[in-house]
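# Coordinate analysis (summary)
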Amino acid sequence: MDLESIIRRGPTLLGHAAAFAAALTLVGCGSSGGGSTQAGTNPPSSTQGQVVVALTDADGDFLSYIVDVESITLHRAAGGTVETLPATTRIDFSELTEFSEIFSAATLAPGDIDGGTIRLNYANAEISVERGGNIVAATAVDANGNALGVVDLEIRLDDREHLIVTAGRTAFLTIDFDLAASNDVDLSVTPVKVTARPYLVAEVQPVTEKELRVRGSLVDVDVGASTYDIRVRPWHKHDGDHGPFTVHTTPTTTFEIGDASYTGKPGLEALDKLPAGTLTVAFGVLDFQAHTFTAEAVQAGDSVGGDKFAAVHGNVVARTSDTLTLKGAIAVFRDRPARFRRTITVKVGPETGVSKAGYPNAVVDIGDVSVGQRVVALGQFTNPDVASIDALVLDATAGRVRMLATRLSGIVTELNPGQIDMRLRGIDHLGIDMFDFTGTGINADSDADPLDYEIATRTLSLSGLAVDKPARVLGFVAPFGEAPPDFAASTVIGYGALPAALGIGWGEEGTSAPFLTMGPSSLVLDLANPNIGMRHHLLVGMRVVDLLTLPASPSIVPTDRRGLYGIWENGEIKLFRSFSEFVTELGVRLGAGKKAHGLAAYGAYDDATNTLRATRVAVHVSSAD
C-alpha cells in the first residue's frame, strides 16, 4: 500500500480501530444458572437481570465490513455458559464509527462472568474499501490465504475486572472488535485481499465512551417517569426481538415523529399516541454509574427507515437538479436485510420533507441538501430487486430527507475571524476524489473547491487551529447553489485534540526485534528493521505520515488516563491495564523466539517529541516456526 494511494483514500487509511463494542447490560435473575442456557427476553424483575449488547467502530480502512453475527455466548467463572443473542444478525462494523449500537438485551442469573465467545460468519460478507477514488470489493482470508467462513472469537476479561451480575441491577460490558489490529489490507491485488486475525478487547469500563444508539419496536410509554420501553431490533433489522430495554428522556430530549418535531414531555406524549410495535431510534449516553441510558434525540414511526419508508444512509457526492447521488451508502429495505451499495440514486422534489438533526425548529427544504451533506433519505425503492450495486433508485419525492452533522477532514490553509479555509482530504468516510461539487456555488466560478474549501465558523473559538496543520470540522454543508461559504461549522477540532492511529506490520515472516528499545514506560520502534512490510503509517486526523520518512523512530508511551494494552497469539488475547506489565510480557515472548507481525496503537501524537501517548496498543505475535 503506497502513501499516495492512502492519501487519496482520505479517511480510509490502513485501519484505525474498528471496534465491535458489545456493551452487555446484565441483571441477574433468581437462579444460579450453571449450565448452558438461552437468555430470556422477558423484562427483568427485581430478581432478574438484562444483557444489552452494543456495537461500535472507529475510523477504519473499510467502507463496509458487513458480516453475520451468529452467537454471543458468555462464560461463567463458576462454569456454564449463557447465549445472549436470540438470532443471527447482520451488522456493518464500519458504519458504527461515530457511536455504539445496542445489539441485544437478555436476562441472566446473578454471577461472575469472566469471558465468552462471539461467532462471526464471513460466508456472505460484504467488505469494501476505497482504491484510487473508487469503491471496490474485498475478500477476507485467514493467515494461510484461505477464504473465511465461520470464525469464533474469544472474549476475555482482565482477571481484575470480571463482570459481576447482580440481581435487580444493570451491568455493562463492552467488547471491541478492533478492525485495524485484526485486518491487513492488500490494495495491490484484485479483488482486494483482507487478511484477518481477529482481535477482541473486552472491558467492564471502556477506555473511551461514545454516543450510543438503540433501535427497537415500541412497547409502552411512561410520561410521568419520562421513559419508554422497547424491544431491541439492532442496526437496520426489519424484524426480530432482541430483548427489552428502557430509554430515559429529559426536558431537553428532542423528538422527530413523522414530520413533526418536539422537545421534552410533548415528544413523549406524541410517542405515547403511536401504536405498539412502532419502530424507534434513540441516540444518547450510557451512565455506567447509574446503569441507565438517557436519550438526547429520538426518532419514531415514519422517521425511521424500515418502517413505513425504505431508507438510504450516506453522503451526497453529486447533485443535478432533483437527483442526488450517494456513494458507499447503506440501503435499508422494509422486507429484507440492509445492503451496502456503491452508488444509490435518490429522487427528490418540492414535496420532499426535510429536517436538520439537532435543530428541531430549523426551516429547511430540499434546496438545503448539497454535495457532501450526510443524509438519511426516506422513500420507496423503485427497483428493489436490481442486481447491480450501482443502479438502485430511491424515490423520496413523497418522502423525507434528514440532514445529519457532517465531518470534514483536511489541512487548514487560512485562518480569519469567522472563517477558515481548508484543503479537504475527506468528508465522513469518503475520500474527496469521490465528490463532484458542480452546482454548489451561486455561479460556476463559485462552486466549492475542495482545495480551498471555505468554512463559516461565526463565533467559534479557533485557538486550537494552525495553518498547515490538520483539523476536523463538524457542521452542515451550505445550501445547493448558495456557496460560498461552502460549509457552516458547529464544532472545530484542532491538531492537538485529534485522535491519532499508528500502524506498522512486519509481514508474514514477522520480526523478533521490532523495537530499538523496550522499557516500562516506552516502546521505540525500529524503523530500520528490514522486515517492515507495506504498513508503516501514522494518521493524525487526516494527515497521513509515512513512518519511514520521520527523522527519528517514534516512541509509544502510556496514557495518563485509563489505557488497555493487549497481545494476540494464535487466537488468544492477554490484556493489561498496566503498560509496564504489557511491555514485560511482550519482552518475554519476543525473548523466547516469538515473532511480531503487526502493531496498532491509538491515542494522541505530539510531533514536537515524536511521541504517541497511547490509550490502546495491540500487538500480534506468533511462534518462530
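Here's what I pulled together on the structure shown here. (Residues numbered from 1 in each chain as written. Predicted model: local features only at pLDDT ≥ 70, side-chain atom pairs only at ≥ 80, totals over all residues. Heavy atoms only, no water.)

## Observations concerning the overall build of the chain
Going by this rule: Secondary structure elements follow DSSP: runs of H or I no shorter than four residues count as helices, runs of E no shorter than two count as strands, and numbering proceeds from the N terminus. Only protein chains enter the calculation, and the probe is 1.4 Å; a residue is then buried if its accessible area is under 20% of its type maximum, exposed if over 50%, and partly exposed in between. In what follows, residue pairs with any heavy atoms lying within 4.5 Å of each other are defined as contacts. Values of accessible area rely on a 1.4 Å probe in the Shrake-Rupley scheme; residue burial ignores everything except the protein chains shown.
In terms of regular secondary structure, the chain is built from four helices and 43 strands. Residue burial in the chain is summarised as follows: out of 625 residues, 59% are buried. Long-range pairs, those at least 24 residues apart, make up 72% of the contacts in the chain with a sequence separation of at least 6. Accessible area of the chain: about 22700 Å², with a carbon and sulfur share of 50%.

## Quick look at a negative patch on the surface
Short version of the rule: Two joining distances apply to patches: 9 Å for like charges and 5 Å for nonpolar side chains (Val, Leu, Ile, Met, Phe, Trp, Tyr), and every residue must have over 30% relative accessible area and no salt bridge. Whenever Lys or Arg places a side-chain nitrogen within 4 Å of a carboxyl oxygen from Asp or Glu, that contact is recorded as a salt bridge. Working convention for charge: Lys and Arg count positive, Asp and Glu count negative, and His plus the chain ends are omitted. The atom standing in for a charge is NZ when the residue is Lys, CZ when it is Arg, CG when it is Asp and CD when it is Glu.
On the surface, a cluster of negative charge is contributed by Asp220, Asp222, Glu269 and Asp272. Only strand E15 (211-222) and helix H3 (265-272) provide two or more residues apiece to the negative patch. Turning to its location among the elements, Asp222 is positioned in strand E15. What makes Asp222 partly exposed here is its relative accessible area of 37%.

## Let's talk about the pairing of strand E39 (residues 555-558)
The cut-off we apply is this: Two strands qualify as a pair provided that DSSP identifies no fewer than 2 bridges between them.
As paired elements, strand E36 (residues 522-525) and E39 share two bridges and run antiparallel to each other. Across the sheet, Val524 pairs through a bridge with Ser555, a residue of E39.

## What about unusual backbone geometry?
Here the bond from Thr190 into Pro191 is cis, since omega is -5°, no more than 30 degrees from zero. Looking at the secondary structure, you find Pro191 in the loop between strand E12 (183-186) and strand E13 (192-196). Residues Pro484 and Pro485 are joined by a peptide bond in cis, for which omega reads -10°. Along the chain, Pro485 turns up in the loop between strand E32 (470-477) and strand E33 (487-493).

## Considerations on the pairing of strand E37 (residues 536-540)
With five of five residues buried, E37 lies mostly within the body of the structure. On E37, burial covers both faces: His536, Leu538 and Val540 on one face and His537 and Leu539 on the other are all buried. Pairing analysis gives five bridges linking strand E34 (residues 500-505) to E37, with the strands arranged antiparallel. Looking at the pairing, Ala501 lines up with Leu539 of E37. Across four bridges, the pairing between E37 and strand E38 (residues 543-546) is antiparallel. Its bridge partner lying in E38, Leu538 is registered against Val545.

## A look at the pattern of salt bridges
Under the definition given, this model contains 18 salt bridges. One salt bridge connects Asp152 with Arg119, and the closest N-O pair in it is separated by 2.6 Å. Of this pair, Asp152 sits in strand E9 (residues 150-156) while Arg119 sits in strand E7 (residues 111-131), placing them 33 residues apart in sequence. Its salt-bridge partner being Asp560, residue Arg613 comes within 3.6 Å of it at the nearest N-O pair.

## Some points on the packing of aromatic side chains
Note the following rule: Side-chain rings of Phe, Tyr and Trp (the six-membered ring for Trp) are treated as a pair once their centres are within 6.5 Å; stacked means planes under 30 degrees apart, edge-to-face means over 60, and tilted covers the remaining angles. Note on criteria: charge over ring means Lys NZ or Arg CZ within 6 Å of the ring centre, with the direction from the centre no more than 35 degrees off the ring normal.
Per the stated rule, a full pass over the model turns up 13 aromatic pairs. Ring geometry for Tyr65 against Phe93: centres 6.2 Å apart, planes inclined by 50°, an arrangement best described as tilted. Pair noted here: Tyr65 is in strand E3 (residues 62-76) and Phe93 is in the loop between strand E5 (89-92) and strand E6 (99-106), with a separation of 28 residues, a long-range link. By the burial criterion, Tyr65 is buried, and Phe93 matches it. Between the aromatic rings of Phe435 and Phe437, the centroid separation amounts to 6.1 Å while the plane-to-plane angle is 25°, which identifies the pairing as stacked. Neither residue differs from the other here; Phe435 and Phe437 are each classed as buried. Through successive ring pairs, a cluster of aromatic residues spans Phe62, Tyr65, Phe93 and Tyr122. We note Lys356 situated over the ring of Phe476; from NZ or CZ to the ring centre the distance is 4.7 Å.

## Here's the deal with the environment of Tyr605
Stated precisely, the cut-off is as follows: Polar contact is the term for a pair of N or O atoms within 3.5 Å; when the atoms are in protein, one must be able to donate a hydrogen and the other to accept it, and sequence-neighboring residues count only if both atoms are side-chain atoms.
With respect to the secondary-structure elements, Tyr605 resides in strand E42 (residues 595-606). Overall, the relative accessible area of 12% leaves Tyr605 in the buried class. Sequence-wise, Tyr605 and Leu539 are 66 residues apart; in three dimensions their C-alpha atoms are separated by 9.2 Å. For Tyr605, the residues in contact, after removing those within four places along its chain, are Tyr495, Ala500, Leu538, Val540, Leu550, Asn610, Thr611 and Leu612. One polar contact links Tyr605 to Asn610, side chain to side chain, over a distance of 2.7 Å.

Such coordinate-based values are descriptive only and should not be taken to indicate function.
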